[in-house]
Amino acid sequence: MRARAAARFGRALALAAAACGGSTSAAGPDGGAAPPFDGPGASVVQVDTGCDATQTDPHNCGGCGIDCEGGACVEGVCSSPPLGVLASGQQTPVGIALDDANVYWMNLGISGSAAQVMKCAKTGCGNAPTVLASAPWSAPTRLAVYGGTVYWATESVLLSCSTDGCPAGPTVLSSGALQPTDIAVGDAGIYVGDSIQHALLVYPLAGGANPTALWSSSAAPAAIALGGTTVYFATTGVSLLSCGAAGCATIVSGGMPTALAVDGANVYIGTETSMSPGTVAWCPEASCAAGPKLLTSRVTYCAGIAGDGTNLYFSDRGMAGADGGSAFSGLGRVAKCPLAGCTGNPTPVAGFVNLPQQIAVDGTTVYWTDFGSSTNPSGTMDGRVMTASK
């Protein structure tokens, strides 16, 4: 019975995958009632700085040095920020993570600018987040926060930084051949997907040693999440696998996974497709082998997923434009489904969102990053870090 249930879900994911040849991705305010930029123009402050993208840069909006003070810059005009903006004017923000007091994310940068590891208090930081570390890292992963330390991986290097900052630069935990796809951290170590070896690697928390390959195949893990002593991961064609004390096992086969999360009791998984519906689903850790429960297939690209034992939350990037590049403006969303079911119709948390990225939740709040006014999936100078009540 369990095998049949898992197979049915795998076929549902595989049907979504079969309709397109897309690639996998790793691995994010106002209740959806209003577009992200509404309200009167914000006050402006003159700042002595260079500028170029004056149509979208909130620090140089309509001209050099015109700062929107937390608002967005749309076609060279400042607008007031909507409720729930922790930070705006971020350069391609992705990879959100939380601890008890703060929100962390990675700014990938744009037009050759350096990437940044960022921090803002959950209660707000006056739209002036702290830069914990910055360098021109190549293709960094999202962030993982554990035990007062922020971890991430980039090409050939595994790095860490105290959540209080690392003014002398991040700690190099390991260096060597590595093309990371995702990261997760727990008591047993640092788990990283590697597209060179097509493997799931685990490093010691303190670094300084070669990684151990827990699993390898023909495709690297696209998303990784930890549940106690078990690591869950997803890869093309094999939607959900796990490695624990008894070894590694396939839980669900089929599909194109993009997002994965564990909340201590449940596993949450999202997929994508460009030609037929993507999916979001979940299963209790203790019985995932029986097959995840499909909550909705009304998803285009699940960029991020999270859960709290009552609801599943996800970000959906929306449809790509006819040119296959830029997205249609405002078609992204953040939504939720009760684990008991939502009859395929997720409840909006925020609508009219451009290119929402990863997502995280705590006891009261949903957090995510998005691209602000930009519909260019390759980057933005107007990215936002957002919050909304659960």
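Rules and cut-offs
- Every chain is numbered on its own, with residues counted from 1 as its sequence reads.
- For a predicted model such as this one, the threshold for reporting local features is a pLDDT of at least 70, and the threshold for listing and counting side-chain atom pairs is 80 or more; totals across whole chains, interfaces and linings nevertheless cover every residue.
- To get the side-chain values, all heavy atoms of the structure are used, and hydrogens and water are removed first.
- Under the scheme applied here, a residue whose accessible area is under 20% of the maximum for its type counts as buried, over 50% as exposed, and between as partly exposed, the area being computed with a 1.4 Å probe on protein chains only.
- Under the DSSP-based scheme used, a helix requires at least four consecutive residues in state H or I and a strand at least two consecutive residues in state E, with every element numbered from the N terminus.
- Any two strands with at least two DSSP-identified bridges between them are counted as paired.
- We define a salt bridge as a contact between a side-chain nitrogen of Lys or Arg and a carboxyl oxygen of Asp or Glu at a distance within 4 Å.
- Polar contact is the term for a pair of N or O atoms within 3.5 Å; when the atoms are in protein, one must be able to donate a hydrogen and the other to accept it, and sequence-neighboring residues count only if both atoms are side-chain atoms.
- Contacts were defined at the residue level, with two residues in contact if any of their heavy atoms lie within 4.5 Å.
- We define a nonpolar core as any set of buried Ala, Val, Leu, Ile, Met, Phe, Trp, Tyr and Cys residues linked to one another through side-chain atoms lying within 4.5 Å.
- The pLDDT value tells you how sure the predictor is about a given residue, anywhere from 0 up to 100.

Enquirer: Help me out: how do you make sense of the pairing of strand S14 (residues 180–186) in this one?
Expert: Within a regular beta strand, the side chains point alternately toward one face of the sheet and then the other, so they alternate between its two faces. Most of S14 is tucked away: six of the seven residues are buried. Summarising the sheet, S14 and strand S15 (residues 189–194) pair through five bridges and their orientation is antiparallel. Across the sheet, residue Ile 183 finds its bridge partner in S15, namely Val 192.

Enquirer: I keep staring at the pattern of salt bridges and nothing clicks. Help me out?
Expert: Should the charged atoms of two oppositely charged side chains come close, the side chains can pair. Under the counting rule described, the total for this entry stands at five salt bridges. Note that Asp 362 and Lys 122 form a salt bridge whose closest N and O atoms lie 3.0 Å from each other. In this pair, Asp 362 sits in the loop between strand S30 (359–361) and strand S31 (365–370) while Lys 122 sits in the loop between strand S8 (115–121) and strand S9 (130–135), placing the two residues 240 residues apart along the sequence. Asp 370 is the salt-bridge partner of Arg 384, the closest N and O atoms lying 2.9 Å from each other. Taken together, the positions of Arg 384 in strand S32 (residues 383–389) and Asp 370 in strand S31 put the pair 14 residues apart, joining distant regions of the chain.

Enquirer: Would you mind showing me how to read the pairing of strand S18 (residues 223–227) here?
Expert: When you tally the buried positions in S18, you get five out of five residues, the bulk of the element. Alternating residues of S18 divide into Ala 223, Ala 225 and Gly 227 and Ile 224 and Leu 226, and every residue in both groups is buried. Looking at chain direction, S18 and strand S19 (residues 230–235) are connected through five bridges and run antiparallel. Considered in S19, the bridge of Leu 226 is made with Val 231.

Enquirer: Before we go on, may I ask you to explain the side chain of Asn 266 in this structure?
Expert: Its place among the elements puts Asn 266 in strand S23 (residues 266–271). Here the side chain of Asn 266 touches Tyr 268 through a polar contact of 3.4 Å, side chain to side chain. If we skip the residues at most four places from it in the chain, Asn 266 touches Ala 261, Trp 282, Cys 283, Pro 284, Glu 285, Gly 309 and Leu 339.

Enquirer: Before we go on, may I ask you to explain the nonpolar core in this structure?
Expert: Across soluble globular proteins, nonpolar side chains have a tendency to be buried as a group. Within the largest apolar cluster, 17 residues are counted, with the highest numbers of intra-cluster contacts made by Met 106, Val 117, Trp 137, Leu 143, Val 150 and Trp 152. Those elements giving two or more residues to this core turn out to be strand S6 (93–98), strand S7 (102–107), S8, S9, strand S11 (149–154) and strand S12 (157–162). Met 106 has contacts with Thr 92, Pro 93, Val 94, Gly 95, Ala 115, Gln 116, Val 117, Trp 137, Pro 140, Thr 141, Leu 143 and Trp 152, leaving out every residue within four places of it along the chain. Within the second largest apolar cluster, 15 residues are counted, among which are Ala 261, Trp 282, Leu 295 and Cys 337.

Enquirer: Would you take a moment to explain the confidence of the model for the chain for this structure?
Expert: Overall, the predicted model of the chain reaches an average pLDDT of 84, with 83% of residues at or above 70. Within the model, pLDDT remains below 50 along residues 1–5, and this stretch shows four contacts once partners closer than five positions in the same chain are excluded. Contacts of residues 11–49 to residues separated by more than four positions or lying in other chains number 107 contacts, the stretch itself having pLDDT below 50.

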